[in-house]
Amino acid sequence: MLLALAAGVPLTAAGCGSDSDSGTSAVPGATSSDSGLQAVYDAAPRAEDSAMPAGSTMAAIKDRGKLRVAAALDAPLLSQQDPTNPDNIEGFDIDLAKLLAIYILGKPEIEVIPPASETREALLANGTVDVVFNTYTITEERAQQISFAGPYFTSGLAVAVEADNTDIKSVEDLAGKTVIVGANTPAVTAVPERQPTAEVVSFATDPQAVQALTQGRGDAYVQDYTLLAADAASNRDIKIVGQPFTEEPYGIGLKHDDADFKQFVNTWLKAIEDDGSWTQVWEATLGTVSDSAAPTPPAIGSVPGS
Amino acid sequence: MLLDNLDPLLRALGTTLVVLLVSAAGSLLLGILVTVARVSPVPVLRAAAFGYVQLFVNVPLLALLLLAVFALPDAGLVMPLTTTVIVVLVVYEAAYVAEAVRSGVNSVPPGQVEAARALGFTLTQVLRLVIVPQALRTVVQPLGNVMIALLMNTALAATVGVVELTSAVNKVNLVEAQPIPIFAAAGLVYMAIALAIGLAAGRIEKKVAISR
């Protein structure tokens, strides 16, 4: 069923993604989220009361009437606050958080606490937040301090090219090409591993690398998918081709040793993956700047530490 | 660890040396021309040379590099990266060369210039035969220092995508994650080149120095 959805949805997405729908908004994806995701919210799965026994974390959240989420406010397409309307936060991470809130509370009621990378474990441990949705890569070291539900998304290095480039469709087409990378990023070593004949040119910062790509100093720019997605959202001259070719599994951070809550969140994740909500959220956010179909979500629990 | 990557490192060192040598030759030539303009009797030339030196001595090299690499293409001028870096280094270091040579010009006794004019030398002849040769002979060591600074400045090329020594060493470190031995080794290579420049300058100075 999931396959059928994944194959069917891109047709409609290709139809509406190219018109003014996604092009006129100041905040990438905002317009399409407002209109497109309301239906997803309405149809989103809701947990049975029996799944939230008294004394559990889920029950505590339900009593409070609000899901407290650690998420960024400045990550385009993942979790970005609308500067003109601070209540409006859009993106893949934050929309999934809203779906989790609906699952528990029946409404997308969330309170966002912006975390710094160093404070995420602490925010979970001292109970400031219930969950972390923050492109939080699952690692075994982190899993000793907190728990991870998911993975819910696999990012990794991806390829961006100039918008009018039709030769390069994936990392496979980079042989013999000049490839721009960020200095001191994993791409510096990953590109020669995948394409030994590619010539690698490194620039100090992401904006410099994007500028270099649009000025034709390289045929492609290899960088983390989500970062490229943000670049592509703000710069119409570049686009992402293909899916990530390395693996960076993102998990939902939860308090350590709360096995019931972890089980509960994983059950929810499975539910939104199975009913297609996950794919629809992807299409409305990260998918707006990708020219390929929605990826298949990674298998839950497939990564050490999850 | 470094030996495994010897081939790309040597190629990168080659790039560093090429950038160094070409920029050194270019900046010496341009710097001398700027000095000549600076001491010429033509007010417009003097003002232009003054402005040139002030501009390039007071703008950071990194800013110039970024402008040349990212702004010039928007103005329609795209040069290969290494060429762009060499051009920027030449115009930047020429300002310092010009200042060094100008201090040499000031060491030429005015009486010599007056004598040359009295003998009927044209302005070009005075500059070419009397002032510039003597000025250069007194500033060999300062010029050597400018060239050593130029060597260190070539490392900035790494920030704009030129794979010279620093950039290549960075890449090795990214894989090996052994920053201290790797960067110490690169530092020793830079030091060796700088010492060679310093020694050469010392030798040349001994040969050409004017004892007054």
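Residues numbered from 1 in each chain as written. Chains lettered and ligands numbered in written order. Predicted model: local features only at pLDDT ≥ 70, side-chain atom pairs only at ≥ 80, totals over all residues. Heavy atoms only, no water.

## As for the overall build of chain A
Right, on to step 1. The secondary structure content of chain A amounts to eleven helices and 13 strands.
Right, on to step 2. Among the 306 residues that make up chain A, the fraction classed as buried is 54%.
Right, on to step 3. Accessible area for chain A stands at about 12700 Å²; split by element, carbon and sulfur atoms hold 50% of it. (Helix = DSSP H or I, 4+ residues; strand = E, 2+ residues; numbered from the N terminus. Buried < 20%, exposed > 50% of the residue type's maximum accessible area, 1.4 Å probe, protein only. Areas by Shrake-Rupley, 256 points an atom, 1.4 Å probe, with all protein chains shown as cover.)

## Topic: the overall build of chain B
Right, on to step 1. Counting its regular elements, chain B contains nine helices and zero strands.
Right, on to step 2. Going residue by residue from the N terminus, the α and β elements of chain B occur as α-α-α-α-α-α-α-α-α.
Right, on to step 3. The proportion of buried residues among the 212 residues of chain B is 39%.
Right, on to step 4. Here the analysis covers contacts within chain B between residues at least 6 apart in sequence; of these, 79% occur between residues at least 24 apart.
Right, on to step 5. Of the roughly 10800 Å² of accessible surface on chain B, a fraction of 71% belongs to carbon and sulfur atoms. (Contact = heavy atoms within 4.5 Å.)

## With respect to the UniProt feature "transmembrane region" (unreviewed entry) in chain B
All names here are of chain B.
Right, on to step 1. UniProt's entry tags residues 12-37, 49-71, 77-98, 143-162 and 182-202 with the feature "transmembrane region" (unreviewed entry), counted in the numbering of this structure.
Right, on to step 2. As annotated, residues 12-37 comprises 100% helix and 0% strand, and the C-alpha atoms at either end are separated by 37 Å.
Right, on to step 3. Across residues 77-98, the secondary structure splits into 82% helix and 0% strand, with the terminal C-alpha atoms separated by 27 Å. (UniProt positions renumbered as here; feature names shortened; annotations may be inferred.)

## Here's the deal with the sheet that holds strand β3 (residues 79-82) of chain A
All names here are of chain A.
Right, on to step 1. Ordered by their spatial adjacency, three strands build an open sheet running β2-β3-β4, and the pairing between neighbours is antiparallel. Here the strands that pair on one side only, and so sit at the sheet edges, are β2 (74-75) and β4 (85-90).
Right, on to step 2. The strands that helix α4 (residues 92-105) touches are β3 and β4; relative to β4, the one it contacts most, it runs at about 95°. (Pairing = 2+ DSSP bridges. Axes fitted to C-alpha atoms, helices over the stretch in contact; angles between N-to-C directions.)

## Considering the interface of chain A and chain B
Right, on to step 1. Each side of the interface is counted separately: chain A has 14 residues, and chain B has 20 residues.
Right, on to step 2. Between chain A and chain B, roughly 1300 Å² of surface is buried when both sides are summed, and carbon and sulfur atoms account for 57% of that area.
Right, on to step 3. At the boundary of chain A with chain B, the tally comes to zero salt bridges.
Right, on to step 4. The tally of links from chain A across to chain B stands at seven residue pairs in polar contact (both at pLDDT 80 or more).
Right, on to step 5. For the side of chain A that touches chain B, the secondary structure elements donating two or more residues are α7 (187-194), β10 (199-203) and α8 (206-214) of chain A.
Right, on to step 6. Take the side of chain A that touches chain B: its biggest share by element is four residues, from β10 of chain A.
Right, on to step 7. Of the residues contributing to the side of chain A that touches chain B, the split by class is six nonpolar, seven polar and one charged. (Buried area = accessible area lost by both parts, 1.4 Å probe. Salt bridge = Lys/Arg side-chain N within 4 Å of Asp/Glu carboxyl O. Polar contact = N/O pair within 3.5 Å; in protein donor to acceptor, adjacent residues only side chain to side chain. Nonpolar A, V, L, I, M, F, W, Y, C, P; charged D, E, K, R; others polar.)

## Some thoughts on the nonpolar core
Right, on to step 1. Counting residues in each nonpolar core, the largest one holds 124 residues, and the members touching the most others are Phe-92, Leu-96, Leu-99, Phe-133, Phe-203, Ile-252 and Trp-268 of chain A.
Right, on to step 2. The element contributing the most residues to this core is helix α4 (residues 81-106) of chain B, with 14 residues.
Right, on to step 3. Ignoring anything within four residues of it in the chain, the contact list for Leu-96 of chain A reads Phe-133, Tyr-152, Trp-268, Ile-272, Trp-278 and Val-281 of chain A.
Right, on to step 4. Membership of the second largest hydrophobic core comes to 18 residues, among which are Val-171, Val-181, Ala-187 and Val-200 of chain A. (Core = buried A, V, L, I, M, F, W, Y, C linked by side-chain atoms within 4.5 Å.)

## Examining helix α10 (residues 259-274) of chain A
Structurally, the α-helix is built with 3.6 residues per turn, so residues lying three or four positions apart point the same way.
Residues and elements named next belong to chain A.
Right, on to step 1. Relative to the 22 Å expected for 16 residues at 1.5 Å per residue, α10 spans 22 Å between its end C-alpha atoms, a close match to the ideal helical length.
Right, on to step 2. Within the span of α10, buried status applies to Phe-261, Phe-264, Val-265, Asn-266, Trp-268, Leu-269, Ile-272 and Glu-273.
Right, on to step 3. Just past α10, the residue Gly-276 takes up positive phi, approximately 90°. (Expected span 1.5 Å × (residues − 1).)

## Some words on the packing of aromatic side chains
Right, on to step 1. In total, this model carries 14 aromatic pairs over all chains according to the counting rule given.
Right, on to step 2. Ring pairs connect the aromatic residues Phe-92, Phe-133, Tyr-152, Phe-153, Tyr-225, Tyr-250, Trp-268 and Trp-278 of chain A, which therefore count as one cluster. (Phe/Tyr/Trp six-rings, centres within 6.5 Å; stacked < 30°, edge-to-face > 60°.)

## Brief notes about the pairing of strand β11 (residues 220-224) of chain A
All names here are of chain A.
Right, on to step 1. With five of its five residues buried, β11 lies for the most part within the structure.
Right, on to step 2. Pairing geometry for strand β8 (residues 157-162) and β11, over four bridges, is antiparallel. Note that in β11 the partner of Leu-157 across the bridge is Asp-224.
Right, on to step 3. Sheet topology note: the strand β9 (residues 178-182)/β11 ladder contains three bridges and is parallel. Residue pairing across strands places Val-179 opposite Ala-220, the latter belonging to β11.

## Re the environment of Ala-37 of chain B
Right, on to step 1. In this structure, Ala-37 of chain B sits in helix α1 (residues 6-39).
Right, on to step 2. Taking C-alpha positions, Ala-37 of chain B is 7.9 Å from Ala-48 of chain B, a pair spaced eleven residues apart along the chain.

## A closer look at the packing of α1 of chain B against α4 of chain B
Residue and element names in this part refer to chain B.
Right, on to step 1. Close contact between α1 and α4 brings their axes to 6 Å; oriented N to C, the two are set at 45°. On the basis of the axis angle, α1 is oblique to α4. Both α1 and α4 take part in a crossing whose hand is right-handed.
Right, on to step 2. Considering only residue class, the contact of α1 with α4 consists of 17 nonpolar, six polar and four charged. (Parallel < 35°, antiparallel > 145°, perpendicular 65-115°, else oblique. Left-handed = near helix turned anticlockwise from the far one by under 90°.)

## Looking at the sheet that holds strand β12 (residues 238-241) of chain A
All names here are of chain A.
Right, on to step 1. One open sheet holds the five strands; their spatial order is β10-β9-β11-β8-β12, and the pairing between them is mixed. Every interior strand has two partners, whereas the edge strands, β10 and β12, have only one. Adjacent strand axes in the sheet meet at a mean angle of 35° when their direction is disregarded.

## Considerations on the confidence of the model for chain B
All names here are of chain B.
Right, on to step 1. Across chain B, the average pLDDT comes to 93, with 99% of residues at 70 or higher.
Right, on to step 2. By mean pLDDT, helix α8 (residues 165-176) is the weakest element of chain B at 85, and helix α2 (residues 43-58) is the strongest at 97.
Right, on to step 3. Model confidence for the complex is summarised by a pTM of 0.69, with the ipTM given as 0.72. (pLDDT = per-residue confidence, 0-100.)

## Focus on the pairing of β8 of chain A
Residues and elements named next belong to chain A.
Right, on to step 1. Burial analysis of β8 places five of its six residues in the buried class, which makes it a mostly covered element.
Right, on to step 2. With four bridges joining them, β8 and β12 adopt antiparallel strand pairing. Residue Val-159 lies in a different strand from β12, and its bridge partner there is Val-241.

## Looking at the pattern of salt bridges
Two side chains carrying opposite charge are able to pair once their charged atoms lie near each other.
Residue and element names in this part refer to chain A.
Right, on to step 1. Here the structure, examined in full by the defined rule, presents seven salt bridges over all chains.
Right, on to step 2. A salt bridge links Asp-130 to Arg-64; the shortest N-O distance between them is 2.8 Å. Separated by 66 residues along the polypeptide, Asp-130 in the loop between α5 (120-125) and β6 (131-137) and Arg-64 in helix α3 (residues 57-64) bring together distant segments of the chain.
Right, on to step 3. For Asp-130, a relative accessible area of 9% puts it in the buried group.

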